[in-house]
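Here is how the chains run, residue by residue.
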Amino acid sequence: AATGRYVRPQDFGFFPTPADLVDQVVELAEIEPGMKVLEPSAGHGAIATALAQAAGGHEQVTVVELLPGNVRKLREAGFAG
């Protein structure tokens, strides 16, 4: 049922991660080829894509996302959904 309430992506904690921060996160995580990685709030996939490159492929990264638009973008980027 419609509530009349406007829900913004930020209400779900969606804040795009800047590229320089993505690089820093992946470096600090010390991801190596073959590692399995979880991205629990994947958004549009900025961090997940970098993790996939470091770990050796999209199949190495499990993404979790609630917003349907973001899920669509993740699938388009090659992540399983």
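Refer to the structure printed above.
In what follows, the accompanying structure is described. Please read these numbers as outputs of a predicted model, since none were measured by experiment. (Residues numbered from 1 in each chain as written. Predicted model: local features only at pLDDT ≥ 70, side-chain atom pairs only at ≥ 80, totals over all residues. Heavy atoms only, no water.)

1. Observations regarding the overall build of the protein chain
Worth spelling out the cut-off: Here a strand is any run of E in DSSP of at least two residues, a helix any run of H or I of at least four, and the numbering for each starts at the N terminus. Two residues form a contact once any of their heavy atoms are found within 4.5 Å.
Looking only at helices and strands, one finds three helices and two strands in the protein chain. Listing each helix as α and each strand as β along the protein chain from the N terminus yields α-β-α-β-α. Considering only intrachain contacts with a sequence separation of at least 6, the fraction spanning at least 24 residues in the protein chain is 48%.

2. Some remarks on helix H3 (residues 68-76)
Keep this limit in mind: Exposure is judged per residue with a 1.4 Å probe applied to protein chains only, and the accessible area is read against the type maximum: over 50% gives exposed, under 20% gives buried, and values in between give partly exposed. Our arc is simply the arc of the directions from the helix axis toward the C-beta atoms.
Every buried residue belonging to H3 is among Asn 70, Val 71 and Leu 74, and all of these are buried. Projected down its long axis, H3 shows its buried positions confined to an angular sector of 105°, all on one face. In H3, the exposed positions angled more than 90 degrees off the buried face are occupied by Pro 68 and Glu 76. Packed against the buried residues of H3 are strand E2 (61-63). Directly after H3, the chain includes Gly 78, whose backbone phi takes a positive value near 105°.

3. Section: the nonpolar core
To keep things clear, this is the line we draw: Take the buried residues of types Ala, Val, Leu, Ile, Met, Phe, Trp, Tyr and Cys, join any two whose side-chain atoms come within 4.5 Å, and each joined set is a nonpolar core.
Counting residues in each nonpolar core, the largest one holds 15 residues, and the members touching the most others are Val 37, Leu 51, Val 61, Val 63 and Phe 79. Counting only elements with at least two residues in this core, the list comes to helix H1 (19-29), helix H2 (46-55) and E2. A per-element tally of this core places H2 first, with six residues. Here Val 61 is in contact with Val 37, Glu 39, Ala 48, Leu 51, Ala 52 and Phe 79, once residues within four sequence places are set aside.

4. Quick look at a negative patch on the surface
Selection criterion: Surface patches are defined over residues having more than 30% relative accessible area and no salt bridge, joining like charges when they lie within 9 Å and nonpolar side chains (Val, Leu, Ile, Met, Phe, Trp, Tyr) when within 5 Å. Note that accessible areas follow from Shrake-Rupley with a 1.4 Å probe, and for residues the cover is restricted to the protein chains shown. Salt bridge, as used here, is a side-chain nitrogen of Lys or Arg placed within 4 Å of a carboxyl oxygen of Asp or Glu. His is not counted, nor are the chain ends; Lys and Arg add positive charge and Asp and Glu add negative charge. Lys charges are placed at NZ, Arg charges at CZ, Asp charges at CG and Glu charges at CD.
On the surface, a cluster of negative charge is made up of Asp 20, Asp 23, Glu 27, Glu 30 and Glu 32. Tracing the backbone shows Glu 32 in the loop between H1 and strand E1 (37-39). We classify Glu 32 as partly exposed; its relative accessible area is 48%.

5. Observations regarding the side chain of Glu 39
Short version of the rule: Between N or O atoms, a polar contact is any pair within 3.5 Å; within protein, one atom must be a potential hydrogen donor and the other a potential acceptor, and residues adjacent in sequence are included only when both atoms are from side chains.
With respect to the helices, strands and loops of the structure, Glu 39 is situated in strand E1. Within the buried set, Glu 39 has no salt-bridge partner at all; the shortest N-O distance to an opposite charge, 15 Å, is to Lys 73. Of the polar contacts made by the side chain of Glu 39, one reaches the backbone nitrogen of Ser 41; its length is 3.1 Å. Look past the residues within four positions of Glu 39 in its chain and what remains in contact with it is Ile 47, Ala 48, Leu 51, Val 61, Thr 62, Val 63 and Val 64.

6. What about the environment of Val 22?
Its location among the elements puts Val 22 in helix H1. Along the sequence, Val 22 and Ile 47 sit 25 residues apart, while their C-alpha atoms lie 5.5 Å from each other. Not counting residues up to four positions away in its chain, the partners in contact with Val 22 are Thr 17, Ala 46, Ile 47 and Ala 50.

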